[in-house]
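Report on the structure
In case you want the letters, here they are:
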Amino acid sequence: QTPRKMATHFAHRASWLCRPHLPSRLFPRLRAPLTHTLSKSHPSHPIRGISSMGSLSGGVRINIDKEAIKFSAGHFTIFSAQSRERLHGHNFAVSASFVGTPNEDGMMGDYGVMKSILREVTTALDEYMLIPRNSPYLTIEETPGEVMVIFAGDPPGTRMVFPEGDVKILDVANITVEELSRHLNETVNAKYGPTLSGMGVCSYEISVSSGPGQSAATQTTLTTASTEEGDEGKREPQGTDVFVRGAGGEAKAVSVAVVTGGSSGIGLETARRFKDMGAKVFNISRSPCPLDDVTSLPCDLSDFKSIPSLAEELRSLISEHVSGSEGGGALSLIHNAALYFSDNAGDVDPEMMDRALRVQTVAPALLNRELRPLMTKGSSIIFVGSTLSEKAVSGALTYSTSKHALAGLMRATTQDLFGSGIHCVMVCPGFTDTPMLRKHLSDPEVLSAIASNNSFQRLVEPSEIASVITDASLSPVLNGAIVHANLGQKET
């Protein structure tokens, strides 16, 4: 910027901040010392600005400052009722400090858990236009498909129109690093306060930077986790939807998800859900996954000789996130790839049957073998079966056979991994509205008849199965179970 533009910029901002009538809800830090903290018991009194974390008093501070914990977003800062920035964007870097007392094993919580929390709350803001809901100088109109924003100081008739899916409207007064820090802090406190407190964290601070040398931080003091008599002072995480409790009770973050067949249908939605949870996602399929930030490794899983070299590449990519790494989290391996074609007892093609069995039984077994060394306690193996994993219908001999075999593989693997802290689950979808289903059943009347065969008179959505899969990956209590997700099919 030119000196004139910079002078104008800071003059506007200084005049706005110094106004005596400025509402305290906009910038409460002007009404109180910066060293105040956001107390869990007083969530309505946030104090923004860089705050001292105070004396450690015999405790420890864990600092998380990873390049991958960031978000890119569009915004504009409002300086006054008459002045605002033009639309632009930043790569916002996020870091955090957690203060607390180590347990008897010399640890305070799990680095993987802390990083997963930060990844989740930052991913929720990534690649959006951020709009402040609480600014008195904006009029926001939300209609189906679009969001219109009018700034009071713009020329009459000026409006900013954005696609609805590209906008996040936040409960803040302005899109500044101060307000973004407070927003992230309150989000973490509301969703994961009990989890952090249970890990022994007494307070934490989240900092947001819009560029080198300029950042703001907000601090929260947590209520100390209570310890009931007989617990021997052990703290246990309260548990949330991104953590899995492994053998011994420790919570592990799902750091990495490996999905086979993640290019479409159930696999695509599963990759999307794990990505939204903050996990690093890898797809193994012949076609690439269309999602950003999902790494695709091309492979024909029917060629089992290619799996060892594929696994070697995969191990090199994911080893820093899991096994043996400091604060490494859990690995979830999802066997979703499948082949479907019609055949029967009088019309069996041995080559096609062999190929299907390689994809749906041999490849999963080999991937289990190759990735097992990277699986820490709390990891999971999810086998995507079918209603035909435990039933059979005419005209689907190979498919039924391969899905029955996959159920046997899941049960045998559960026994082989007994006591390892790794759990196995089979999720069996009913008729799901996927490209594979519509490829083989394109007649609308046939699809309607199939949909009418369950209690809700519709096809299952791929996103619904993805939700069951991710929930299963976080639920060791389901170890060895076969879970049917079919909207309640009619028994015949």
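Now for a look at the structure at hand. Since the model is a prediction, treat every value here as computed from it, not as a measurement.

Describing the overall build of the chain
Across its full length, the chain carries ten helices and 19 strands. A total of 492 residues make up the chain; the buried ones form 49% of that total. Long-range contacts, defined as pairs at least 24 residues apart, comprise 68% of the intrachain contacts of the chain with a sequence gap of at least 6. Carbon and sulfur atoms make up 51% of the accessible area of the chain, which amounts to about 23000 Å² in all.

So, the pattern of salt bridges
Going through the model one piece at a time under the given rule, you end up with eleven salt bridges. Where Asp171 meets Arg133, a salt bridge forms, and the shortest distance between an N and an O atom there is 2.8 Å. Separated by 38 residues along the polypeptide, Asp171 in the loop between strand E9 (167-170) and helix H3 (177-198) and Arg133 in the loop between strand E5 (128-132) and strand E6 (138-143) bring together distant segments of the chain. For Glu464, the salt bridge is made with Arg458, and the minimal N-O distance between the two is 2.8 Å. One salt-bridge network, in which partners are shared between bridges, spans Glu179, Arg182 and Glu186.

A look at the sheet that holds strand E7 (residues 146-151)
With antiparallel pairing, three strands are arranged side by side in an open sheet as E6-E7-E8. The open sheet has two edge strands, E6 and strand E8 (160-163), and neither has a second partner. Pairwise comparison of adjacent strand axes, ignoring direction, gives a mean angle of 20° for this sheet. Here E6 runs beside E7; their pairing, made up of six bridges, is antiparallel. Its bridge partner lying in E7, Leu138 is registered against Phe151.

Re unusual backbone geometry
A positive phi angle, near 65°, is found at Asp293, a position not held by glycine. Notably, Gln457 is not glycine yet its phi reads approximately 60°, a positive angle. Structurally, the position occupied by Gln457 is in the loop between helix H9 (444-451) and helix H10 (462-473).

So, the packing of helix H4 (residues 265-276) against H10
The geometry of H4 relative to H10 is characterised by a closest axis approach of 8 Å and an angle of 55° between their N-to-C directions. In terms of their interaxial angle, H4 and H10 are classed as oblique. Here H4 and H10 pass one another in a crossing that is right-handed. Packed against H4, whose contacting residues are Gly265, Ile266, Glu269, Thr270, Arg273 and Phe274, the element H10 presents Pro462, Ser463, Ile465, Ala466, Ser467, Ile469, Thr470, Asp471 and Ser473 at the interface. Of the residues contributing to the contact of H4 with H10, the split by class is six nonpolar, six polar and three charged.

A short note on H4
Side chains three or four residues apart in an α-helix point the same way, a direct result of the helix having 3.6 residues per turn. Compared with an ideal rise of 1.5 Å per residue, which puts twelve residues at 16 Å, H4 spans 17 Å between its outermost C-alpha atoms and is within 8% of the ideal. Listed as buried for H4 are Gly265, Ile266, Gly267, Leu268, Thr270, Ala271 and Phe274. Where H4 ends, the next residue or the one after it, Gly278, has phi of about 100°, a positive value.

Rules of the game
Residues numbered from 1 in each chain as written. Predicted model: local features only at pLDDT ≥ 70, side-chain atom pairs only at ≥ 80, totals over all residues. Heavy atoms only, no water. Helix = DSSP H or I, 4+ residues; strand = E, 2+ residues; numbered from the N terminus. Buried < 20%, exposed > 50% of the residue type's maximum accessible area, 1.4 Å probe, protein only. Contact = heavy atoms within 4.5 Å. Areas by Shrake-Rupley, 256 points an atom, 1.4 Å probe, with all protein chains shown as cover. Salt bridge = Lys/Arg side-chain N within 4 Å of Asp/Glu carboxyl O. Pairing = 2+ DSSP bridges. Axes fitted to C-alpha atoms, helices over the stretch in contact; angles between N-to-C directions. Parallel < 35°, antiparallel > 145°, perpendicular 65-115°, else oblique. Left-handed = near helix turned anticlockwise from the far one by under 90°. Nonpolar A, V, L, I, M, F, W, Y, C, P; charged D, E, K, R; others polar. Expected span 1.5 Å × (residues − 1).

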